[in-house]
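Remarks on the overall topology
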Amino acid sequence: MPLIEKKNITGAEAIIHCLLAESVDLVYGYPGGAIMPVYDEFYKFSDELRHIMARHEQGAIHAAQGYARSSGKVGVAIATSGPGATNLVTGIADAQIDSTPVVCITGQVPRHLLGTDAFQETDIVGISTPVTKWNYQITEATEIPEIISKAFYIARSGRPGPVLIDITKNAQFDRFDLTYEPCTEIRSYKPVPVVDAQQLKDAAAIINAAKKPMIVWGQGVILGEAEEEFKTLVEKSGIPAAWTVLGLSALPTAHPLNVGMVGMHGNYGPNVLTNECDVFIAIGMRFDDRVTGNLATYAKQAKVVHFDIDPSEINKNVTADVAVLGDAKETLAQILPLIEPKSHIEWLSEFEKKYEIEKNEIIEKAIRPTKEGLTMGEVIEGINKATKDDAIIVTDVGQHQMKACRYAKFTRSKSNITSGGLGTMGFCLPAAIGAKMGAPDREVVAVIGDGGFQMTLQELGLIFQHQVPVKIVVLNNNFLGMVRQWQQLFFEKRYASTEMTNPDFIKIAEGYQLKAQRVNKRKNLQSTIDEMIQSKEPYFLEVVVEQEENVFPMVPSGASVSDIRLK
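Quick caveat: nothing in here was measured; it's all calculated off a predicted structure.

Overview of the nonpolar core
Among the nonpolar cores identified, the biggest contains 94 residues, and Phe230, Phe280 and Ile283 are the most heavily contacted of them. Considering each element in turn, this core owes the most residues, seven residues, to helix α15 (residues 345-367). Shared between two domains, this core holds at least three residues of each, these being domain 2 (197-351) and domain 3 (372-544). In this structure, Phe230 is in contact with Ile215, Trp217, Val221, Ala241, Leu251, Ile283 and Leu332, ignoring residues within four places of it in sequence.

Structure, rendered in structure tokens:
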């Protein structure tokens, strides 16, 4: 039976009914001429469907991403044609590479003006094709229900991703009889591979025979809602498990078999021991270059077992001895009975020894410094204490991101929200807003560098208007920190265009009537963080940190993970 049937309604009204049928309760967007008929319907349906006006379309799409990542639902962003649509593209590309389910709706000039270079006409379908999972241009109202139902199905199914629907203005005005049915399948689109029993047996045989096995998990565990199955696998097999940036929080950080982060600024042990393990088990991760370093030297001694939902990821960067295709929740549940209970005590001790080296050389100095200047690590440690390791922490890209990923502690999944694959400056603030709206019962802390903050700080207006109680921490070192670190290490300290003369952030925050504090002394740090977390209202905290603090360990670009530097 159809979910909705409506007689003689406009395409614009039909769009609202379709969104409601897909259980959408929140849309982020920015109005304009080519999408105005839909905004007129938002006005009429405001009791049923909440529209949040961002201050820039990039803010709208990042907020939709944050909402999707914290809630597990599909995020929705809407914009007008031309510049409104193109301003979404960065966020769409971010969602594509990080597998975030969002549906973007853009207005377009009337059908008879397509191709005429009309006012605010841009070929957003052509522009967005490389960075969407699917896109489509609607030119007739009768297409609306089928295309919207397909859009939500494609965005959320299999490996999630962004979908864009471009709707001409005539299609928004035209009338038709709406019949809406949810999409449950599309011919030739098979989002979840059928699990192969032989693949599971072959994988289990390799895992059971391993003497020095290692698991690296990614976001596929979270997207597949496979956290419990994954934890059971880790504990039954006794295998040390490390995470990618987007996999962080699927397993509690304090778990005894959680051995830390892999990759360019990951932990010493899991990086070095990648090239010493005899079996490498990849679960829901894609062997990104920031994880692998030099592929020619990456885990060449190991047999590789790769669990993934996306066949295109198999053998793309690292050749698998056995590939297990399927949704992580399903494949992990099915392999569990085949896994022999073990404990790899001696092998795990190798990770512990490496951790002690890193702890003494780096970690203690980062979170409990003896020098006068404040460090990013001690700020993250202060947030851990104030939130009892139970906050959602949102970051952009850069030194603050790596420090947060390294030192934040989590007890629950979906707690680390960051721009992973694209590394988008400006992601954090709007994404934190969306994350708080998607998980209103959780504390959400935006940890941002002073550079990234200034890319989307206009979204403080959204916080002010809607009183979204997100906590904002700007780590201010008056530099584009990560670029400066590279310039220091590899370009003989030629700090070209990385030193920043910043405005008074406190005055800016107070201009939006936010509670705002600045901390530059250690004696005030923890008490101010505590005050921020205890506040029930939005709160802005600027922490003035060391100007030339670096993030270590570090695998230099193009180097082997075995060549990780401690200083």
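Structural notes on helix α2 (residues 36-44)
Among the residues making up α2, those that are buried are Pro37, Val38, Tyr39, Glu41 and Phe42. On its buried face, α2 sits against β1 (4-10), α1 (11-21), β2 (26-29), β3 (50-53), β4 (75-79) and α8 (169-173).

Examining the sheet that holds strand β18 (residues 471-476)
Read across the sheet, six strands follow the order β16-β15-β17-β18-β20-β19 without closing on themselves; strand pairing throughout is parallel. Strands with a single pairing partner mark the edges of an open sheet, and in this sheet they are β16 (416-418) and β19 (515-519). This sheet shows a mean twist of 20 degrees between the axes of neighbouring strands, independent of strand direction. As paired strands, strand β15 (residues 392-395) and strand β17 (residues 444-449) are joined by four bridges and run parallel to one another. Following the sheet pairing, Val394 is matched in β17 by Ala446. Relative to β17, helix α18 (residues 428-438) is tilted by about 175 degrees, and along the sheet it contacts β15, β16, β17 and β18.

Some details on the packing of helix α16 (residues 376-387) against helix α23 (residues 522-534)
Interaxial distance between α16 and α23 falls to 9 Å at its minimum, and their mutual angle equals 40 degrees. If you check the angle between α16 and α23, you find them oblique. In the crossing of α16 with α23, the sense of the turn from one axis to the other is right-handed. Contacts between α16 and α23 involve Glu378, Val379, Gly382, Ile383, Lys385, Ala386 and Thr387 on the former and, on the latter, Arg522, Leu525, Gln526, Ile529, Asp530 and Ile533. Each residue belonging to the contact of α16 with α23 can be placed in one class, and the counts come to six nonpolar, three polar and four charged.

A closer look at the domain arrangement of the protein chain
We note that the domain assignment places domain 1 (4-180), domain 2 (197-351) and domain 3 (372-544) within the protein chain. A C-alpha centroid distance of 30 Å is found between domain 1 and domain 3. Carbon and sulfur atoms make up 61% of the area that domain 1 and domain 3 hide from each other, which totals about 1900 Å². Seen at the junction of domain 1 and domain 3, the total is zero salt bridges. Linking domain 1 to domain 3 there are ten residue pairs in polar contact (both at pLDDT 80 or more). Of all the secondary structure elements, the ones that give two or more residues to the side of domain 1 that touches domain 3 are β2, β3, α3 (57-71) and α5 (89-97). Ranked by residues supplied to the side of domain 1 that touches domain 3, first place goes to α3 with ten residues. Partitioned by chemical class, the residues of the side of domain 1 that touches domain 3 number nine nonpolar, ten polar and five charged.

What about the packing of aromatic side chains?
Taken as a whole, this structure holds 13 aromatic pairs when the rule is applied. When the centroid spacing of 6.5 Å and the interplanar angle of 65 degrees are considered together, the rings of Tyr28 and Tyr67 count as edge-to-face. Placement of Tyr28 in strand β2 and of Tyr67 in helix α3 is noted, with a sequence separation of 39 residues between them. For the ring pair Phe479 and Tyr495, a centre distance of 5.5 Å and an interplane angle of 75 degrees mean the geometry is edge-to-face. Remark: Tyr495 occurs in the loop between α21 (481-490) and α22 (505-511) and Phe479 occurs in the loop between β18 and α21; sequence separation between them is 16 residues. Given a relative accessible area of 23%, Tyr495 falls into the partly exposed group. Grouping aromatic residues by their ring pairs yields a cluster made of Phe280, Phe287 and Tyr298.

Quick word on the pairing of β2
Side-chain alternation along β2 places Leu26 and Tyr28 on one buried face and Val27 and Gly29 on a second face that is also buried. By the bridge criterion, four bridges tie β2 to β3 in an arrangement that is parallel. From the neighbouring strand, Leu26 faces β3, where its bridge partner is Arg50. The handedness of the β2 to β3 crossover, carried by α2, is right-handed. Summarising the sheet, β2 and β4 pair through two bridges and their orientation is parallel. Paired with Gly29 across the bridge in β4 is Ile78.

Quick word on the pattern of salt bridges
Under the counting rule described, the total for this entry stands at 25 salt bridges. A salt bridge links Glu358 to Arg406; its shortest N-O distance comes to 2.6 Å. With a gap of 48 residues between them, Glu358 in helix α15 and Arg406 in helix α17 (residues 399-407) connect regions that are remote in the sequence. The pair Glu358 / Arg406 is uniform in exposure class, with both members buried. A single salt-bridge network, built from bridges that share partners, covers Arg159, Asp310, Glu313 and Lys316.

Quick word on the sheet that holds β2
The strand order across the open sheet built from six strands is β3-β2-β4-β5-β7-β6, with neighbouring strands paired in parallel fashion. Across the chains shown, the open sheet's two edge strands, defined by having one partner strand only, are β3 and β6 (134-138). Strand-to-strand twist of the sheet, defined as the mean angle between neighbouring strand axes without regard to direction, takes the value 20 degrees. Packing against the sheet, α18 makes contact with β2 and β3, and its axis sits at approximately 170 degrees to β2.

Reading the values: rules and limits
- Residues numbered from 1 in each chain as written.
- Predicted model: local features only at pLDDT ≥ 70, side-chain atom pairs only at ≥ 80, totals over all residues.
- Heavy atoms only, no water.
- Core = buried A, V, L, I, M, F, W, Y, C linked by side-chain atoms within 4.5 Å.
- Buried < 20%, exposed > 50% of the residue type's maximum accessible area, 1.4 Å probe, protein only.
- Helix = DSSP H or I, 4+ residues; strand = E, 2+ residues; numbered from the N terminus.
- Domains from an automatic or database assignment.
- Contact = heavy atoms within 4.5 Å.
- Pairing = 2+ DSSP bridges.
- Axes fitted to C-alpha atoms, helices over the stretch in contact; angles between N-to-C directions.
- Parallel < 35°, antiparallel > 145°, perpendicular 65-115°, else oblique.
- Left-handed = near helix turned anticlockwise from the far one by under 90°.
- Nonpolar A, V, L, I, M, F, W, Y, C, P; charged D, E, K, R; others polar.
- Buried area = accessible area lost by both parts, 1.4 Å probe.
- Salt bridge = Lys/Arg side-chain N within 4 Å of Asp/Glu carboxyl O.
- Polar contact = N/O pair within 3.5 Å; in protein donor to acceptor, adjacent residues only side chain to side chain.
- Phe/Tyr/Trp six-rings, centres within 6.5 Å; stacked < 30°, edge-to-face > 60°.
- Right-handed = clockwise from strand over helix to strand, strands pointing away.

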